[in-house]
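Secondary and tertiary structure notes
Here is what each chain is made of, one letter per residue.
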Amino acid sequence: MLWGDAGEECGVVGIWTRGEPVAEWLRDGLFALQHRGQESAGLALSCGADIAHHTGMGLVSEVLTHEALQGMKGHLGIGHVRYSTSGDSSPENAQPVIGQTGSGEPFALAHNGNLTRLPSPARTSDTHLLAAQVAAEPGTLADALADVLPRTNGAFSLVGISTDVLYAARDPHGFRPLSIGRLPGNGWAVASETAALDSIGAVFHHEVEPGEIAEMGAHGLRVRSFASGAKALCVFEHVYFSRADSVIDGRSVYEVRNAMGRAVARQAPARADLVIPVPDTARVAALGYAEESGIPYAEGFVRNAYATRTFIQPSRQGRQLGVRRKLSPIVSAVRGRRLVVVDDSIVRATSMKQVVSLLKEAGAAEVHVRVASPPVRWPCFFGVDIRTTGELVAGRYGVAQIQRILGADSLGYLSIGGLVESTRQGGDLCTACFTGAYPDAVALSAAPGPASRGREPV
């Protein structure tokens, strides 16, 4: 998906080894997580008695250059890529964040998610606020995390380091994934996705459980629980955020997306000549639709690999221009043909409207849009950049109206039942953006009802 419609924030990685420099490994892990955030990148490494860090605005390749890493020789470190959902997009909010506990122990923190109950000065990231609370605690980083995290609300998959220990923690609902792997030579690694572990040669060990703190160091691995709650993994990890080669809760993201495509083919069939995806994340769902329907699969667009993901664009104009920069229709493939265009989700509809327009300009006879998830009608408070119902096209309009807004010949969505069945994870999912059923009381108290149906935009 292009997701000129919304954005999710971050990816984190951490590594502990027995004396081997980890800066290059951390950078490789962040390359594998670049899809989760493209605004800024950074590393923090233990140098024995202190912690060095380097952050900057831009892609991993732009910030973590060979020259930037030359002096960073630590055997323990964390890394981060960011897309801001709280705090200003600025160099000051790039992560990791460094500080000292009340006892003077240096630390660095980075996190993926969105906190829902912290005093939140404008232009300040959640991680800075969390670091300030940790810095106010006496004792070690382990003690501070044990005190602070139980009173921290919202979504967080957190990595941190002291001078000799790597930490990983996950909120009590487990909104965002976080996995631990073993490195050769008895090292440890932790990352937002198993694909990042694979990229650095780590062997998957286990997922950090919701409400759990894991400590990795010379002592090995220790885990302890700091809170309990009903598990509620964000279903958009399967729909869009995670790479298709990642595994979450034992389920291959590839297999889940293929099942979603097959399910929407059964629920919303169409008479067409070709099934084409909106690159890249809808490709697997489109394959599933084609396999289930018997309609041939084809590529209908060439994607410019050097254009940024359109959800990064802060303005509607930027998102619209971003679609045309990123996608070019293959005229010989689409001209005169009836097309099923599969996307993983539609949020604001800005991108899909442009996709339909591009295909019709290229001569497509019909464009039937199929979406491998339900209509997004409710805002998210747990790490997706959708704060009000008014931003959501399905929060304001019905399916028939959205079809006309897109300019499509038909429009079909996957049902919530079909989505949950495809994941095979039952009640362990957060589906609030589709259903309005929030697993966290703080978010529920802030959530507006669906917007009243409005007139179509002129």
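Look up: the structure comes first, before these words.
My aim in this report is to walk through the structure given alongside it, one point at a time. All figures in this text were calculated on a predicted structure; none of them were measured in a lab.

1. Focus: the sheet that holds strand β22 (residues 410-413)
Judged by pairing direction, the sheet is parallel, and its four strands sit side by side in the order β17-β20-β21-β22 without closing on themselves. A single partner strand is all that each edge strand has here, and the edge strands are β17 (274-277) and β22. Across the sheet, the mean angle separating the axes of adjacent strands is 25 degrees when strand polarity is ignored. Direction of pairing for strand β20 (residues 338-343) relative to strand β21 (residues 366-371): parallel, over a ladder of six bridges. The residue bridging Val340 from the neighbouring strand is His368, located in β21. Here helix α12 (residues 350-361) sits on the sheet in contact with β17, β20 and β21, set at roughly 155 degrees to β21.

2. Quick look at the nonpolar core
In terms of nonpolar packing, the biggest core is built from 46 residues, with Phe236, Val275 and Tyr289 touching the most fellow members. Elements that contribute at least two residues to this core include exactly β14 (233-234), α7 (236-241), α8 (253-267), α9 (283-293), β20, β23 (429-430) and α16 (432-435). Examining the composition of this core, we find that six residues originate from one element, α8, more than from any other. Tyr289 has contacts with Gly261, Arg262, Val264, Ala265, Ala268, Pro269, Ala270, Val275, Val340, Val342 and Arg370, leaving out every residue within four places of it along the chain. Ranked by size, the runner-up nonpolar core spans 32 residues in total, among them Ala298, Ile346, Val369 and Tyr413.

3. A closer look at α9
Within α9, burial applies to Val284, Ala285, Ala286, Gly288, Tyr289 and Ala290. Buried residues belonging to α9 abut α8, β17, β20 and β21. The first or second residue beyond α9 is Gly294, which carries a positive phi of 80 degrees.

4. Points about the pattern of salt bridges
By the definition in use, this model includes 21 salt bridges. Note that Arg303 is salt-bridged to Asp280, the shortest N-O span being 3.0 Å. Separated by 23 residues along the polypeptide, Arg303 in strand β18 (residues 301-303) and Asp280 in the loop between β17 and α9 bring together distant segments of the chain. Among the salt bridges present, the one from Lys360 reaches Asp409, with a minimum N-O distance of 3.3 Å. Taken together, the residues span a long stretch of sequence, with Lys360 in helix α12 and Asp409 in the loop between α14 (399-406) and β22 at a distance of 49 residues. Ionic contacts of the salt-bridge type, sharing partners, join the residues Arg36, Arg176, Glu193 and Glu237 into one network.

5. Concerning the packing of aromatic side chains
Summed over the entire model, instances satisfying the criterion amount to six aromatic pairs. Ring centres of Phe156 and Phe226 lie 6.3 Å apart, and the angle between their planes is 20 degrees; this geometry places the pair in the stacked category. Here Phe156 is found in strand β7 (residues 154-161), whereas its partner Phe226 is found in the loop between β13 (220-225) and β14, with 70 residues between them in sequence. Here the two residues Phe156 and Phe226 agree in accessibility, since each one is buried. Taking the centre distance of 4.1 Å and the plane angle of 10 degrees together, the rings of Phe175 and Phe382 count as stacked. Here Phe382 lies in the loop between β21 and α13 (393-396) and Phe175 lies in the loop between β8 (166-170) and β9 (179-183), a separation of 207 residues in the sequence. Per residue, the accessibility class of Phe175 equals that of Phe382, and both read buried. An aromatic cluster of three or more residues is present, and its members are Phe236, Tyr240, Phe241 and Phe434.

What counts, and at which threshold
Residues numbered from 1 in each chain as written. Predicted model: local features only at pLDDT ≥ 70, side-chain atom pairs only at ≥ 80, totals over all residues. Heavy atoms only, no water. Pairing = 2+ DSSP bridges. Helix = DSSP H or I, 4+ residues; strand = E, 2+ residues; numbered from the N terminus. Axes fitted to C-alpha atoms, helices over the stretch in contact; angles between N-to-C directions. Contact = heavy atoms within 4.5 Å. Core = buried A, V, L, I, M, F, W, Y, C linked by side-chain atoms within 4.5 Å. Buried < 20%, exposed > 50% of the residue type's maximum accessible area, 1.4 Å probe, protein only. Salt bridge = Lys/Arg side-chain N within 4 Å of Asp/Glu carboxyl O. Phe/Tyr/Trp six-rings, centres within 6.5 Å; stacked < 30°, edge-to-face > 60°.

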